[in-house]
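# Chains, contacts and geometry: an overview
One-letter residues, chain by chain:
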Protein chains: 2
Amino acid sequence: MSEHNGGAAGARASAVGTAPAYTQFLTDLFGVIAYGELSAFERMSSDARFSPTLRDRATLGRLAVREYTHFERVSAHLEGMGADPEQAMAPFQQSVDAFHDRTRPGDWHESLMKFYVTDAISDDFYAALGSRLDDESAALISSMLGSSEAPGEVLFVRLQESLKDDPRLASRLALWGRRLVGEALTQAQRIVIERAFPKGLAGEVSREDYDVQIRELFSQLTRNHSRRMSLLGLTA
Amino acid sequence: MSEHNGGAAGARASAVGTAPAYTQFLTDLFGVIAYGELSAFERMSSDARFSPTLRDRATLGRLAVREYTHFERVSAHLEGMGADPEQAMAPFQQSVDAFHDRTRPGDWHESLMKFYVTDAISDDFYAALGSRLDDESAALISSMLGSSEAPGEVLFVRLQESLKDDPRLASRLALWGRRLVGEALTQAQRIVIERAFPKGLAGEVSREDYDVQIRELFSQLTRNHSRRMSLLGLTA
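The rules we used
Residues numbered from 1 in each chain as written. Chains lettered and ligands numbered in written order. Predicted model: local features only at pLDDT ≥ 70, side-chain atom pairs only at ≥ 80, totals over all residues. Heavy atoms only, no water. Helix = DSSP H or I, 4+ residues; strand = E, 2+ residues; numbered from the N terminus. Buried < 20%, exposed > 50% of the residue type's maximum accessible area, 1.4 Å probe, protein only. Areas by Shrake-Rupley, 256 points an atom, 1.4 Å probe, with all protein chains shown as cover. Expected span 1.5 Å × (residues − 1). Least-squares fit on C-alpha atoms with pLDDT ≥ 70 in both. Contact = heavy atoms within 4.5 Å. Salt bridge = Lys/Arg side-chain N within 4 Å of Asp/Glu carboxyl O. Polar contact = N/O pair within 3.5 Å; in protein donor to acceptor, adjacent residues only side chain to side chain. Nonpolar A, V, L, I, M, F, W, Y, C, P; charged D, E, K, R; others polar. pLDDT = per-residue confidence, 0-100. Core = buried A, V, L, I, M, F, W, Y, C linked by side-chain atoms within 4.5 Å. Phe/Tyr/Trp six-rings, centres within 6.5 Å; stacked < 30°, edge-to-face > 60°. Axes fitted to C-alpha atoms, helices over the stretch in contact; angles between N-to-C directions. Parallel < 35°, antiparallel > 145°, perpendicular 65-115°, else oblique. Left-handed = near helix turned anticlockwise from the far one by under 90°.

Chain A appears in an unreviewed UniProt entry as Ferritin-like domain-containing protein from Arthrobacter caoxuetaonis.

Here it is in structure tokens:
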């Protein structure tokens, strides 16, 4: 990021706190996060039922509960801002549901992979947005990301176990990972393009500089994803 | 309960703590409770997705999370007893799954009703068994039942709201309630008959006295169910 943009971000952090466009942006951001967490909770706990062992069911259940806890915290934060969580979530319901419908796992392994891939991308994405927000909002986001139990780690270990000596599963999950990342990035892009720029995340950055930053963010998300796939021995 | 049975129960409470049959009974009991809670968590959170409003989804999600918390506590208790939770749950997996398959809700209202009816019956059932156990086991059960947020209350209010001025829904849910109670009591009966008597719950009570107590327990469960249905304006 150039000196110029860094300066603009600094100025924004002190100036945006009360701007209506920024408040609307935050409401949207926490609305989409809240709905994302609520949906992930429901999908993950439904999928848990198809786990091969009771231990796996319990593990996936615990990860799902963690999503619900995040949902509750973000909802409480929205209420603290004077926003109605239901209203804040509503605009994102259709596109998040559509995302889940397009990425319905065919079995337990696809389900694990889905949460491994999408949780990591959304964490990266929210972390990147979080760094551009006021201190309080940034703190909420980073406290959710920096949880003591990283679900990525649990899912990674379980996937690695399944992939060991199963080249057929590996090639299937590599393909599936590519589909997932495509859908997830499309989803994320829609949010920043449709919502963030017009509503104040860009602050004093020009449209052109903003577009450059967004491209950089998506390259970063893609690189991180590829690295995570490589760690599993899969081609991204 | 007669004087005689009360005396037998008192003697048992002090004597059974270490008997292998009693330990096996406890393992079974906590195994079936744990699996029941884990399944309820998964089913409830899957059904939450079909809620008419986001507020309802959040509410059902919270109730589901509560079931998961119970599952974790019971699992920890099993581990504390030196039992493996997975092994303790396994014998009950098939029959609990079959129960859920036979009582798959057709819509949101049937889903609410299912949790309203079955949660209350299993709470009553476990409370009745709990009163016959050693102090530590009894304390665990009663602490789960005496939760600050009674799900029955939340579900009752929501059902009452939906049933108001909807006689068609009322007659449908009355029928559904009858099916649910039948399935739930069959399930509970199987547990006490197949598991409890041969494995030490009966203690020093004769088979005949035990059968009388069991009949009394099931009459009580049925009466409580009828009362709950009446409160909703439904015929049990």
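Once you've had a look at it, read on.
## Brief notes about the overall build of chain A
A count of helical and extended segments in chain A gives nine helices and zero strands. Listed N to C, the secondary structure of chain A is α-α-α-α-α-α-α-α-α in terms of helices and strands. The proportion of buried residues among the 236 residues of chain A is 51%. In the structure as shown, chain A presents an accessible area of about 10500 Å², 53% of it carried by carbon and sulfur atoms.

## Regarding helix H9 (residues 207–231) of chain A
For H9(A), spanning 25 residues, the distance from its first C-alpha to its last is 36 Å, which sits close to the expected 36 Å at 1.5 Å a residue. A:Gly233, located one to two residues past H9(A), shows a positive phi value of around 80°.

## A word on the relation of the copies chain B and chain A
The operation relating the pair of chain copies consists of a rotation about an axis and a translation along that axis. Least-squares fitting of chain B to chain A yields an RMSD of 0.0 Å, with the superposition described by an axial translation of 0.0 Å and a rotation of 180°. Within this description, the copies of the chain are treated as partners about a two-fold rotation axis. By C-alpha distance to the rotation axis, the residue of chain B lying nearest is B:Ser46, at 2.5 Å. A shared interface surface links the copies, since 100% of the contact residues of chain B are contact residues in chain A too.

## Examining the interface of chain B and chain A
Each side of the interface is counted separately: chain B has 27 residues, and chain A has 27 residues. Here chain B is connected to chain A by six salt bridges. The partner of B:Arg57 in a salt bridge is A:Glu42, and the shortest N-O contact between them spans 2.7 Å. Between the two partners, chain B and chain A, sit 12 residue pairs in polar contact (both at pLDDT 80 or more). For the side of chain B that touches chain A, the secondary structure elements donating two or more residues are helix H2 (20–48), helix H3 (54–80) and helix H4 (85–102) of chain B. No other element matches the 11 residues that H3(B) contributes to the side of chain B that touches chain A. A per-class count over the side of chain B that touches chain A returns 12 nonpolar, six polar and nine charged.

## Digging into the confidence of the model for chain A
Averaged over every residue, the pLDDT of chain A is 85; the share at 70 or more is 86%. Note on residues 1–17 of chain A: pLDDT is under 50 here. Beyond four places in sequence and across chains, it has 17 contacts.

## Points about the nonpolar core
A:Met113, A:Phe125, A:Leu234, B:Met113, B:Phe125 and B:Leu234 are the most contacted members of the largest nonpolar core, which has 136 residues in total. Residue contacts for A:Met113: discarding those within four places in its chain leaves A:Leu159, A:Leu173, A:Trp176, A:Gly177, A:Leu180, A:Met229, A:Leu232 and A:Leu234.

## Some words on the pattern of salt bridges
Pairing is possible between side chains that carry opposite charge, provided their charged atoms lie close to one another. This model, assessed by the stated rule, comprises 24 salt bridges over all chains. A salt bridge links B:Arg55 to A:Glu86; the shortest N-O distance between them is 3.0 Å. Here B:Arg55, found in helix H3, pairs with A:Glu86, found in helix H4 (residues 85–102), and the two come from separate chains. Exposure remark for B:Arg55: the relative accessible area of 49% places this residue in the partly exposed category. B:Arg223 is paired through a salt bridge with B:Glu216; the nearest N and O atoms lie 3.5 Å apart. According to the relative accessible area criterion, B:Arg223 is partly exposed, its value standing at 44%. Judged by relative accessible area, B:Glu216 falls into the partly exposed class, the value being 43%. Through salt bridges that share partners, A:Arg43, A:Asp101 and A:Arg104 make up one connected network.

## Concerning the packing of aromatic side chains
Under the defined criterion, the tally for this structure stands at 11 aromatic pairs over all chains. Centroid distance A:Tyr116 to A:Phe156: 6.2 Å. Interplanar angle 35°. Geometry classified as tilted. A residue pair is termed long-range when its members are at least 10 positions apart, and A:Tyr116 in helix H5 (residues 108–130) and A:Phe156 in helix H7 (residues 151–163) qualify at 40 residues. Just as A:Tyr116 is buried, A:Phe156 falls in that class too. Linked through ring pairs, A:Phe41, A:Tyr68, A:Phe71, B:Phe41, B:Tyr68 and B:Phe71 together constitute an aromatic cluster.

## A closer look at the packing of helix H3 (residues 54–80) of chain A against H4(B)
Remark: H3(A) packs on H4(B), axes separated minimally by 10 Å, with the N-to-C direction vectors making an angle of 100°. Taken together, H3(A) and H4(B) sit at an angle that is classed as roughly perpendicular. Together, A:Leu54, A:Arg55 and A:Arg57 of H3(A) and B:Glu86, B:Met89, B:Ala90 and B:Gln93 of H4(B) make up the contact between the two elements. Each residue belonging to the contact of H3(A) with H4(B) can be placed in one class, and the counts come to three nonpolar, one polar and three charged.

## Overview of the packing of H2(B) against helix H5 (residues 108–130) of chain B
Residues and elements named next belong to chain B. Direction vectors running N to C along H2 and H5 enclose 165°, while the axes themselves pass 12 Å from each other. Our classification of the angle between H2 and H5 gives roughly antiparallel. At the point where H2 passes H5, the crossing takes the left-handed sense. When H2 is examined against H5, the residues Leu29, Val32, Ile33, Ala40, Arg43, Met44 and Asp47 are found in contact with a partner set consisting of Ser111, Phe115, Tyr126 and Leu129. Class assignment for the residues of the contact of H2 with H5 results in eight nonpolar, one polar and two charged.

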